[in-house]
Amino acid sequence: MPFKPSEKEEEYFARQQVELKRKLAEEARRKLEAEERERARQLHFMKCPKCGMDLEEVAFSDVRVDKCFSCGGLWLDAGELDRILDKEAGFLRRLRSIFA
Ligand SMILES: [Zn+2]
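Conventions we followed
- Residues numbered from 1 in each chain as written.
- Predicted model: local features only at pLDDT ≥ 70, side-chain atom pairs only at ≥ 80, totals over all residues.
- Heavy atoms only, no water.
- Buried < 20%, exposed > 50% of the residue type's maximum accessible area, 1.4 Å probe, protein only.
- Helix = DSSP H or I, 4+ residues; strand = E, 2+ residues; numbered from the N terminus.
- Pairing = 2+ DSSP bridges.
- Core = buried A, V, L, I, M, F, W, Y, C linked by side-chain atoms within 4.5 Å.
- Contact = heavy atoms within 4.5 Å.
- Domains from an automatic or database assignment.
- Axes fitted to C-alpha atoms, helices over the stretch in contact; angles between N-to-C directions.
- Phe/Tyr/Trp six-rings, centres within 6.5 Å; stacked < 30°, edge-to-face > 60°.
- Donors = N, O, S within 2.8 Å, 3.2 Å for Na, K, Ca; no water.

Engineer: Whenever I open this one, the pairing of strand 2 (residues 63-68) confuses me. Can you help?
Structural biologist: Within a regular beta strand, the side chains point alternately toward one face of the sheet and then the other, so they alternate between its two faces. Of all 6 residues making up strand 2, 5 are buried, and the element is well covered by its neighbours. Two strands pair when backbone bridges link them, and strand 1 (residues 55-60) and strand 2 are joined in this way by 6 bridges, in the antiparallel orientation. Its bridge partner lying in strand 2, E57 is registered against D66. The loop that links strand 1 with its antiparallel partner strand 2 comprises 2 residues; one of these, S61, has a positive phi angle of about 55°. Pairing geometry for strand 2 and strand 3 (residues 74-76), over 3 bridges, is antiparallel.

See the structure below:
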């Protein structure tokens, strides 16, 4: 005699399937987002956000400035502005004189 689940059991198993498929869809969405972020990072890494040309890193003291020699933009990584502000007042003038 085959097993015949009750209505409650049928609901329970259906809910389990729905929950599992929802989790799998969420995982697939997260994986796709991560891949898109990585693709965007590779596409834009060390590219000028204004003109799209390559950025060149120039080190001065312990500050690393990313410079676009195409449009003249200067870009700082996280924490570098604070590092510059922590230095003596003349540092910014000296930094500016390098790129002038
Ligand atoms: Zn540029």
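Now, onward.
Engineer: So what exactly am I meant to see when it comes to the nonpolar core here?
Structural biologist: Considering soluble globular proteins, one finds that nonpolar side chains tend to be buried as a cluster. Grouped together as the largest cluster of nonpolar side chains are 6 residues: F60, V63, V65, I84, F91 and L95. Contacts of V65, omitting those with residues within four sequence positions, involve E56, E57, V58, L74, W75, L76, L95 and F99.

Engineer: Whenever I open this one, the domain arrangement of the chain confuses me. Can you help?
Structural biologist: Many descriptions give the size of an interface as the accessible area lost when the pieces come together. The domains assigned to the chain are domain 1 (1-45) and domain 2 (55-99). The C-alpha-based centres of domain 1 and domain 2 are spaced at 46 Å.

Engineer: Before we go on, may I ask you to explain the sheet that holds strand 2 in this structure?
Structural biologist: Working definition: the strands of a sheet are paired by backbone hydrogen bonds and lie parallel or antiparallel to each other. The strand order across the open sheet built from 3 strands is 1-2-3, with neighbouring strands paired in antiparallel fashion. Sheet topology places strand 1 and strand 3 at the edges, where each strand pairs with a single neighbour. Going across the sheet, the axis of each strand differs from the next one's by a mean of 35°, ignoring polarity. Relative to the sheet, helix 3 (residues 90-99) contacts strand 1, strand 2 and strand 3, its axis offset from that of strand 1 by approximately 135°.

Engineer: What exactly am I supposed to notice about the packing of aromatic side chains here?
Structural biologist: Aromatic rings in a pair are described by how distant their centres are and how their planes are angled relative to each other. By the definition in use, this model includes 2 aromatic pairs. A ring pair is formed by Y12 and F13, whose centres lie 5.5 Å apart and whose planes are at 65°; its orientation type is edge-to-face. Residue classification places Y12 among the partly exposed positions, given a relative accessible area of 47%.

Engineer: Would you mind showing me how to read the coordination of the zinc ion here?
Structural biologist: Taken together, the protein donors to the zinc ion comprise C48 (SG), C51 (SG), C68 (SG) and C71 (SG), at separations of 2.3 Å. Spacing between the donor residues of the zinc ion along their common chain follows C-x2-C-x16-C-x2-C. Residue C48 is located in the loop between helix 1 (7-44) and strand 1, and its partner C71 is located in the loop between strand 2 and strand 3; the two are separated by 23 residues in the primary sequence. For C71, a relative accessible area of 43% translates into the label partly exposed.

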